[in-house]
Each structure stands twice: as structure tokens, then as C-alpha cells.
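# Coordinate inspection notes
Each chain is listed here by its residues.
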Amino acid sequence: MSHNTRREFLRHSAALATLRAVSPWALQLAGIGAAAAASDPRDYRAIVCLFMRGANDCHNTVVPLDRAGYDGYAAARQDIAIPRNELLPIKPGNAQGREFGLHPSLAPVQALFDKGNAAILANVGPLIVPIKDANTFRSTTIARPPKLFSHNDQEAIWQAFSPEGAKMGWGGKMCDLLSGMNGKHTFTAISTAGNAVFLASEKTVQYQITNSGAVAFNRLAAKDIYGSTKAAEALRAQIQSGASAMGGEVLAQEYGNVVGRSIEAQGLVSAALAKLPENDARIALPADLDKDRLAQQLRIVARMIGVREDENMQQRRQVFYVSLGGFDTHDNQLAKQAELLTSVGKSIAYFQQAMEALGVADKVTLFTASDFGRALLNNGDGTDHGWGGHHFIVGGAVKGGQLYGQFPEVALRTSTDVGNGRLLPTTSVDQYAATLGKWMGVSRSDLPVVLPNLGNFASADLGFLG
Amino acid sequence: MFRPLQLLALAVALPLLLASCASHMSWPSEPRAIPRPARLASTEPAPTPAEASRFLQQATFGPSMGEIEALTRSNFSSWVDQQMATKQTLTAPLIEPYYKALKKGENLKQDQYFSAFWKTSATAPDQLRQRVAFALSEIFVISMDGMLDVKMRAIANYHDMLARNAFGDFRTLIEEVSRHPAMGVYLSHLRNLKEDPVKGRVPDENYAREVMQLFTIGLQELNPDGTLKLRNGEPIETYTNEDITGLAKVFTGFSYGSFERADQDFHNAGRNPDWEIRPMVGYNQFHSGSEKRFLGVTIPASQFPSADDDLKIAMDRLFNHPNVGPFFGRQLIQRLVTSNPSPAYVRRVTEAFNNNGAGVRGDMQAVIRAVLLDPEARSAASLKDAGFGKVREPILRLSQWMRAFNATSIAGNFDMYNTDNPGNALGQSPMRSPTVFNFYRPGYVPPGSMVAKRNMVAPEMQIVSESSVAGYANFIQSVIDGGVGRAANNKRDIQPDYSAQMALADSTDRLVAHIDLLLTASQLSPESRRRISEAVNEIRIPANNPTQAENARRNRVKLATLLTMVSPEYLVQK
């Protein structure tokens, strides 16, 4: 353990000690993380959450291809069913020969799946306890997440197990436990897509980066501004004074804290990223993705991962958040979803290739999430809000080419249909998160700190990571 | 398809039809008459300049020194009365010339609406109306980011609809929001078809959900003071998914404004491009005739359902829900005054919503008065409350700069552009929210913050990030220095007039006090004032070179403005 890391670790432990009353595991956890780091200085792991905002329609993303399965799907979907011969076939190794079809825009994911670098997790969604079937959901008061089917709330619940206004997400809580391994704590949690509650926690403050890196305050070091030699100093003092000199003003202090982090981080980020510019062949975007909103986010993630060992970074555990909006396909779904999934598929493939080029493919795992799945019934040319959905996990450490969880029967009035083909999830977000958390190095006894309802579910490891 | 004969027939029939369908085929030019208590001449004392500036920063897009001075000779109530009597400024006529000049295959551009917005915000005399309309645009959200990307007539018309209803009544407002084709496109209830049991098709639920969750009653039952009602210690949800399914049937059968309401009119707007600016109408042949149950109301099944009648029942039900006052009132307080109003403040606004003093519910004028004239909004005590106020959102910072310095447009149109980029602009453009949930949520809590620890909210902090704080500071520095807008001949279109400030600039103290009053309502801390004065004082004004002296005075104004507009006392509006 370097001097610096050790000091950070002690500071971290002290900080956590004050939390003991709330989370008795926390201190012990930090110790385990730091010990693991000490054993392997090159040790690195990162997870990247790709959040599809607006709720991706799961039913048109992964479709059963066997005759009975497809017919049930087509009968329910009617005008917005994807023709069977346009779906991209995949044959999960663990599905007893059953075939599925990916959305026609997901050819790059099909290729990753076939190569064993991508897996599917079927019908996952927020749950508090397992709910046996739709009838139990309807006819009992069994515990269920609040505010089902509401975008902003379910987005927060996916990320933080609590509706809008949630304060701590499971990505952030993992960072609380793991950031002791990093030289610069500031870069443990990084968002390219605004302030995500996924990355929020007691101690972790996410760093929001732009697609091209950090933005510097101009003229803070200018010799003079308009001829005033005191102006630059005054400018710095004015922009930073919120954090300290405002007599406890709550909002000013919060704004000032962001300014402080901005200035501190910008120098480090810019210095580090200069060593891996956008046009570096390992992470450069192909021409067709140059303007892609999602690929641009993944490029800055790739660059940050590429410079993880730089003296300005010193990262061993990182959690990233990227997102793409527009999935709320109440109408014109066929065209809209195709466009969005094209971006998702190509961007994921780009990212996997970049990770391979940087030699970290087995150290970085990307996974998808979304507000909820969508109803199976169509409403004319689109679909309405659902609950469970299917997701992808991609990376060199993924036991790919497999389908995890239970693929639902795609039809109406099944045991997982809570109405109009909204799926009752058969795997909980907690289990999904626990599998990722374990891989990141959060120990089994510590997972309940991050995932309070985990103990309600049979398995804490879904097996999709090695 | 072009059908001259049919168009001719329409033209002949038009006056007759207008008479019968007026309420559904065009927007009313005047809001419906509302009984209101008589306005007595106000006996309020005149405010000080600082009090006047503070009030005008809440009630307008930012005050000029002339407006501050005028208000110190009047009072708040009289000012509101006078604003409420001021004729509405329209944005649609600023878009129409571009529309008329379009050639085949061309589309309107978003910049045309941005210019109309900034011109109106910066120069319109009906400032209170426009400022409230902007607040409403952040509650009843539509966005040109998506299907409306070239529908600038619809966007401007929607803006004007909000502004028209800003001083009307809430019941009319929500119906016009619900019938607006921009909303119909955005939340996909335009051309929403009734269910088809044979094909297994169900009505689109999007609007039914959001009109309840975001526009009227919210998710949980509220006390009149905005706090949650509890049953067995738990919040009570206002509706279930069954209510949404029921209400979704009401919002079927609405589509493009048309006189005939023929099948092809429902499906195809092609024949009449004015659909963008006409209220949606009900097409009963596409409207669900099955039973509709929602929020305790049952509309029985009917073989001859009426979309318009059902909409009225639904709107009345939502309007009369006890949640509307606290749900809407609290958000209006947040948009105009403070992020964390006390329950008592919310209750007073709810009471005004519920009864304007003449027994009328939903009188927007009463609600606006209650929000702006409340003791909590006006008192000096709240200035000392460390939790009071709101982060001034980026659009309002730029509008305030324009108005404080009487900015004018060289081309005349306020030639503006998309200011979405947080890294080099505002991180916010009017009518371009990323989703129907606005740029930020009313309940947003910055993670891991003092705000969170104190159980407060800070909505505008949702768009504040490590990148945006620097992006804004750099952008405003450039604006203060060289103006804003598209440049022609190396000069940006929107230029400030700093002459009034330059006239004071020989005295640093007078200059800083003036800018402090103008931009922060004299809320700069003594340390800030001292720092700004010292830095400004370093700019020497040469005694014997008039040209250089004018430049130095201008530079003093620019520096004092910059150091004020990046300060926390400015960024947090109290």
C-alpha cells in the first residue's frame, strides 16, 4: 500500500467509523476492499450502467423464435410485431435448444452474444419480495415497489430502490465501499448523463463529465482582466465563496461545492486525458458513430478507463453511468425503437472493441437498465408502461452466449401478466446488482448494505459473471 | 391530397360552423369572465429600491433600473393590478412570416422560436404574464426535442396559450393544455384510437397518466399545506393503474382540428396545415364507447359516446380534486419564489386557489397574487433564512442580463440559438426540456448534500454539474463582454446598453451599489462588495484621454457585472 493510498484508507476508515451505527458492516468492508487492492496493484474493475431512459420495449428486443412462442407474441402485438424472418436468431447455450430473436437493429449485440461476450438477463425488475404470480399480485397486499409504471419514480427505484427524491443509489453505495482503493476518490463514480441517483450515496459524490472531458473556468489565472490585476483573484474568490463564506446558506453552499469539485477535478482530468486523446486509434469512434449521442458518452468512459493508472487518477474500482433517452414509444414505436437500438447496439460493440484495444475487456462490464419494460398489448402504433424487462450484460468477464433468469411466456393472461402483458418480474434488480457487486469485490456479507432487500431472494449471484 | 371543391365548400360553411363549434375549433381570444372580488386601491407602503428589485426578480424576467424606480413610487399590489391589465404580447406573429415564406420541402427552425422567446422575455411590457407563462411551460411541459422538432407554429401557439391562461382560470388552462395539438403530439394522445378487443389494441395511456401525475393532482394525497396525507402512517396514492386505464379511454378520439370531423381528417393532417395551431377536436367515431371509470367517476357505456362531453367530465373531476391547489400552488411558488416554501405559505396559496374571495375556484390571478404577495415571499426575515430562495435557473440569468442592460437586437428579432450545451452555454433552452419531467423535478434532492441532510429540495440543482458551473461562468463572461446571439459582421446581434452604468463608473462604490441593486436586489455580502470594488478600482480611468476613459468606464461595468453574476448571492435568488 503506497503512502498515499494508506493515508486515504485511514481517512476513509475514520469517515466510515462514524457511520457504524447505521451500517455496522461498512468498516469491515472497506478493510476487505483495501486488502484486496494491496495484493494486486494492477487490479482494476469497472461497471458501466447504460440506462435506456423512457423504458425500452423488452417485448420487441428479445422475442421467442420457436413457433408457439412467436405466435403468442405476434397475436398479442399485432401491427407492431416484428416479422419472424427479420429477427436476428440467437441460441443461448443454456436454453435447452430454444431459439430467440433479437431486434433487427441489434446485429452488433448478436455478434457479441455469439462470441460469448454478451448475455441476456430476462424479465428483471424492481421487487421487494418475490411475487409468485400475477394472481398473487392482484389479489393480495404482498409488498411491491411503490409508484409502479411511473417513469421518474421507477427510474429512481431501479437505481436507488426508492421513488423520485431517492438519495442513495446502489452504484454509489458500492463506491462508498470501494473508493478506499482509489487514489483520487473524486473519480470513483462518473456520470456522462447528468446527476444520476444511481451514483449518489452518503460519501460518494459523482463526477459529471462532458463527452469531451472537463470544462475549465476561463481566466482564473489571467494576469489581468480588463486591466485589473486583482480581477482573476476576485473571480476565483467570487465563484468559490458559496462553499464557505455564506454563513451556512444551504443552496449557495451546494452550488459552491460543485464549483470547488469542478476546479479541483478539471486539472486532474485534463492532464490525464491529454495522454489518451479522442483520435487515439484504440478509442476513436468509427465515422458512423461520430455524432452518436451514446457512443460519444462511451468514448469518454473509455478514455477515463484508459488513463486509470495515470498519477492524476489512480483508479482501481469505478462505476460509470451513461444514458440514452427517447425510449418512451407510446407511438411510432417501430421506427423510433429501431433508431435507438441501432445506437445502443453499435455503441456497445464500439465500447467492447475499445476495451479490448485497451487490454481491459475482462476488467470492465457494461450492463443495461431502463425505467421498466413495456406492455405487450399495442395501443395503435406504440406500447404503454410495463414493469419487468430484458437486459444485456457485455464484457470479457461475462459468461456470455447464455440467457439468465426466466424467460416469460409471451402472451396475455399468463402467470407473469399483471395486465395487458406488463411483466411481473421473476428476477429482482437486487439480484442483478448483487451479481455485479460481488464481481466488483463487495463481499457477500456486505451486499445487504448496498441492497437491503437482497435477503428476500433465493440467489445473490445470477451467475453471469465469472 | 388537394381538393379545391371541398376547400371552397369549407370556406362557405366557415362562418356558420364557427358559430357552432367555436369553443373547439379556435382558441378563445379572451379568457372566460371570472367573478372576482372588487380591487380596492391599495394602501400598501411603497417598497424600498432593494425590495422593489427583489420583487421584480421574482415576478418578471428581470428588472431594469427604470422599473425598480417606478415601483418605489407605487406598491406591489398596484403593480400586479396594472400588469394584469396589460395586453398580452404574442409570439406566434413572430413565427408566421417565416412560415409564410417557406418553400416546398422547407421546415421552420427552432432558432425562430428561440428568437421569439428571447425578444418577448427581454422586451414585452406584459412581464408578469410572460414570466408566469414561462413557469407554466416548466409544469405543463412540451418540448421541441422530439416529434415537435420543426413544429414552431405549434410551440409558439402553445406559449401564447399558456400566457393567455396565465391570468385566466385553471380549469380552462388544463383543458386547453389537453386539447393543444403540441401536447397531443408530445404525449401521443393526438390520434389515440379507442380499444379494439378483436385486435387486442388498447388506448394509449400516456396522457391519462401524465395529466394526473404532472399537471393536476400528483401521485399522493396532499393536505392543503402540501404535506402528505397519511393513512396508518403511509402516504395514500391518488390513483391506481385502473384509474389510468379508465381515463385513457376518455382521451381517445381526439385529433386534428377539423370542421367536418371526417375519418380522413382524424388520420391525416395533410390537407390542413393549420392543425398545428388549432385545438384538437373529438371524433366520436374513434372515441371509446365503453364504460370509463376513474377517480370515483363512472361514465356509463354508450353506443353514441361523445369525446367532448367525456373530456369535460374528466377535466371537471381533475380540476375539483383537492390536491390541485397544493400540488400546483407549491410548484408555482418554487418557480417564482423559493424551492422550499413553508407549509403555511403553501396553505395560503391553496386557499386562494380554492376560493378567490368571490367563491371561484382556480382563479389564476388570485393564485399569482397569493404567491407573490405572501409575507414569506416579501419579508426581510426570509432573507436571513439560510434555506430560503432558489437557484436562479440559467435562462433567467441571461434574460435578466438582457433586461438589466436594456439589450437591443441589431437585426430586430433577437437572433438567438440553441443554448442546451452546459459546457459552453446555459445547459437549458426554452421549450426544449429533455422530457415531460422538465429540466429538473420539483422534488429533486442533490445527492449527498446539505440539502439532503436537511430534507430540503433544490430542483434547479438537477442541471448544475461540474461542467455546467464552468460552462455558465465562461458563457456569461463572453456575453457581458460582447453581447449574445448570432453574429453578423463580427458583432453579436443582441447588444447591451451600459451607458447608465458607465455614467456612474467613476465612483466604484456607486457603480457596485447600482449593479448590486439591479442584479441581486442588494444582497451581495460585504466581502463580495469589497472584493468587486477592489478589483474594479484597479481599472484606471485616464484623466486626459476621453476615448480611453470611456473604454475604462465600460470595462469597469463589465467587470463589476461579471463578478456579480458569478457570485453565490446572485446564483441563489432570495
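Note that this is a predicted model, so its numbers are computed, not measured. (Residues numbered from 1 in each chain as written. Chains lettered and ligands numbered in written order. Predicted model: local features only at pLDDT ≥ 70, side-chain atom pairs only at ≥ 80, totals over all residues.)

### A look at the overall build of chain B
What chain B contains, in helices and strands, is 27 helices and 11 strands. Computed over the C-alpha atoms, the radius of gyration of chain B is 25 Å, within 12% of the 25 Å expected from 2.2 N^0.38 for a compact globule of 574 residues. The buried share of chain B, taken over its 574 residues, is 57%. If you take every contact in chain B between residues at least 6 apart in sequence, the share linking residues at least 24 apart comes to 71%. (Helix = DSSP H or I, 4+ residues; strand = E, 2+ residues; numbered from the N terminus. Rg over C-alpha atoms; globule rule 2.2 N^0.38 Å. Buried ≥ 20, exposed ≤ 12 C-beta atoms within 10 Å, placed from the backbone. Contact = placed C-beta atoms within 7 Å.)

### Digging into the pairing of strand S5 (residues 118–125) of chain A
Residues and elements named next belong to chain A. Most of S5 is tucked away: eight of the eight residues are buried. As judged from the five bridges shared by S5 and strand S12 (residues 389–394), these two strands associate in the antiparallel manner. Pairing of Ile120 across the sheet is with Phe392, part of S12. In this structure, S5 lies alongside strand S13 (residues 403–405), joined through three bridges in parallel fashion. Of the residues in S13, the one forming a bridge with Leu121 is Tyr404. Bridge analysis of S5 against strand S14 (residues 427–428) gives two bridges, and the strand direction is parallel. (Pairing = 2+ DSSP bridges.)

### Comments concerning the domain arrangement of chain A
Residues and elements named next belong to chain A. Here chain A is partitioned into domain 1 (46–212 + 283–456) and domain 2 (213–277). Each partner contributes residues to the interface: domain 1 has 15 residues there, and domain 2 has 12 residues. Take the side of domain 1 that touches domain 2: its biggest share by element is three residues, from helix H10 (residues 293–306). Taken together, the residues of the side of domain 1 that touches domain 2 break down into seven nonpolar, five polar and three charged. (Domains from an automatic or database assignment. Nonpolar A, V, L, I, M, F, W, Y, C, P; charged D, E, K, R; others polar.)

### Examining the interface of chain A and chain B
With 69 residues of chain A at the contact, the number on the chain B side is 66 residues. Going through the elements one at a time, strand S7 (207–208), helix H8 (231–244), helix H9 (250–273), strand S10 (374–378) and strand S11 (383–385) of chain A are the ones with two or more residues in the side of chain A that touches chain B. Residue contributions to the side of chain A that touches chain B peak at 12 residues, all from H9 of chain A. Within the side of chain A that touches chain B, the residues separate by chemical class into 27 nonpolar, 32 polar and 10 charged.

### Focus: the environment of Pro28 of chain B
Tracing the backbone shows Pro28 of chain B in the loop between helix H1 (4–25) and helix H2 (49–59). When the C-alpha atoms of Pro28 of chain B and Arg164 of chain B are compared, they prove to be 9.1 Å apart, with 136 residues separating the residues in sequence.

### Some words on the domain arrangement of chain B
Taken domain by domain, chain B comprises domain 1 (3–21 + 392–432 + 466–573) and domain 2 (434–463). For domain 1 of chain B versus domain 2 of chain B, the separation of C-alpha centres amounts to 26 Å.

### Brief notes about the nonpolar core
By size, the foremost hydrophobic cluster in this structure holds 298 residues, and its most contacted members are Val48 and Cys49 of chain A together with Ile155, Val367, Val371 and Leu559 of chain B. Top element by residues in this core is H9 of chain A. It accounts for 11 residues. With residues up to four places along the chain from it excluded, the contact list for Cys49 of chain A reads Gly171, Phe198, Phe320, Tyr321, Phe367 and Ala369 of chain A. (Core = buried A, V, L, I, M, F, W, Y, C linked by C-beta atoms within 7 Å.)

### Considering the sheet that holds strand S10 (residues 491–495) of chain B
Whether parallel or antiparallel, the strands of a sheet pair through hydrogen bonds between backbone atoms. All names here are of chain B. Read from one edge to the other, the open sheet built from three strands follows the order S8-S10-S9, with strand pairing classed as antiparallel. The open sheet terminates on both sides in strands that have one partner only, identified here as strand S8 (408–409) and strand S9 (484–488). Here S8 pairs with S10 via two bridges, running antiparallel. Residue Thr408 lies in a different strand from S10, and its bridge partner there is Gln495.

### Brief notes about the environment of Ala160 of chain A
Residues and elements named next belong to chain A. Mapped onto the elements of the fold, Ala160 is located in helix H6 (residues 151–160). Between the alpha carbons of Ala160 and Val450 there is a distance of 9.6 Å; along the sequence they are 290 residues apart. With residues near it in sequence (within four places) discarded, Ala160 still touches Ala166, Met168, Gly169, Trp170, Val197 and Phe198.

### A closer look at the pairing of strand S9 (residues 364–370) of chain A
Across a regular strand the side chains alternate sides, sitting on one face of the sheet and then on the other. Residues and elements named next belong to chain A. Of all seven residues in S9, seven are buried, a share of seventy percent or more. Because side chains alternate across S9, one face comprises the buried residues Val364, Leu366, Thr368 and Ser370, and the other comprises Thr365, Phe367 and Ala369, equally buried. Strand direction decides the pairing type here: strand S1 (residues 45–52) and S9, joined by seven bridges, are parallel. Paired with Met52 across the bridge in S9 is Ser370. In terms of strand pairing, S9 meets S12 through two bridges, oriented antiparallel. Bridge pairing links Phe367 to Ile393 in S12.

### Quick look at the packing of helix H22 (residues 466–482) of chain B against helix H26 (residues 546–565) of chain B
Residue and element names in this part refer to chain B. Direction vectors running N to C along H22 and H26 enclose 155°, while the axes themselves pass 10 Å from each other. One way to sum up the angle between H22 and H26 is to call them roughly antiparallel. The two elements H22 and H26 cross, and the hand of that crossing is right-handed. Contact residues: H22 offers Ile476, Gln477, Ile480 and Asp481, while H26 offers Lys558, Thr561, Leu562 and Met565. (Axes fitted to C-alpha atoms, helices over the stretch in contact; angles between N-to-C directions. Parallel < 35°, antiparallel > 145°, perpendicular 65-115°, else oblique. Left-handed = near helix turned anticlockwise from the far one by under 90°.)

### Some words on the sheet that holds strand S4 (residues 100–102) of chain A
Residues and elements named next belong to chain A. Reading across the sheet, the three strands line up as S2-S4-S3 and stay open at both edges, with antiparallel pairing between neighbours. Pairing within the sheet leaves two strands with one partner each, and these edge strands are strand S2 (62–64) and strand S3 (88–90). Each strand of the sheet is rotated relative to its neighbour by a mean of 35°, with strand direction disregarded. Two strands pair when backbone bridges link them, and S3 and S4 are joined in this way by three bridges, in the antiparallel orientation. Residue pairing in the sheet places Leu88 in a bridge with Leu102 of S4. Sheet strands in contact with helix H4 (residues 107–115) are S3 and S4, and its direction is about 15° off that of S3.

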